[in-house]
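Residue strings, one per chain:
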Amino acid sequence: GIILESKGQFSSKDRSKHLLIKASQPELDIRFIFNNPNTKIGKKSSTTYGMWCERHGFLYAKYTKAQPVPQEWLDE
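Conventions used here
Residues numbered from 1 in each chain as written. Predicted model: local features only at pLDDT ≥ 70, side-chain atom pairs only at ≥ 80, totals over all residues. Heavy atoms only, no water. Pairing = 2+ DSSP bridges. Helix = DSSP H or I, 4+ residues; strand = E, 2+ residues; numbered from the N terminus. Axes fitted to C-alpha atoms, helices over the stretch in contact; angles between N-to-C directions. Contact = heavy atoms within 4.5 Å. Polar contact = N/O pair within 3.5 Å; in protein donor to acceptor, adjacent residues only side chain to side chain.

## Side note on the sheet that holds strand S1 (residues 2-7)
For step 1, the next point in the chain: Read from one edge of the open sheet, three strands run S1-S2-S3, paired in parallel fashion. Every interior strand has two partners, whereas the edge strands, S1 and strand S3 (59-62), have only one. Neighbour-to-neighbour, the strand axes of the sheet open up by a mean angle of 25°, direction not taken into account.
For step 2, the next point in the chain: Along the sheet, helix H2 (residues 49-56) contacts strand S2 (29-34) and S3; its crossing angle with S2, the most-contacted strand, is approximately 170°.

## Some words on the side chain of Asp-14
For step 1, the next point in the chain: The topology assignment puts Asp-14 in helix H1 (residues 12-24).
For step 2, the next point in the chain: Among the polar contacts made by the side chain of Asp-14, one reaches the side chain of Lys-7 at a distance of 2.9 Å.
For step 3, the next point in the chain: Not counting chain neighbours up to four residues away, the residues in contact with Asp-14 comprise Lys-7 and Gln-9.

## Side note on the environment of Ile-30
For step 1, the next point in the chain: By the element assignment, Ile-30 lies in strand S2.
For step 2, the next point in the chain: Considered as a pair, Ile-30 and Gly-57 are 27 residues apart in the sequence and their alpha carbons are 9.6 Å apart.
For step 3, the next point in the chain: The residues touching Ile-30, leaving out its near neighbours within four places in the chain, are Ile-3, His-18, Ile-21, Phe-58 and Leu-59.

Encoded structure:
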């Protein structure tokens, strides 16, 4: 039941696409794994990838080689 999306760059088009998916299929559990969730969504923005996820109700995690997917997500 969990859909994982691994992102290096999280473009405006990607963000818009995921908002449309969430609006049309709210039952889907989409979660993101970022190389760096503290990356700003744009050069002039103070919003980070993680902040965007929190604002729009998406769970997210930071990718690490030791634990690419959070164990608690695997245990669900």
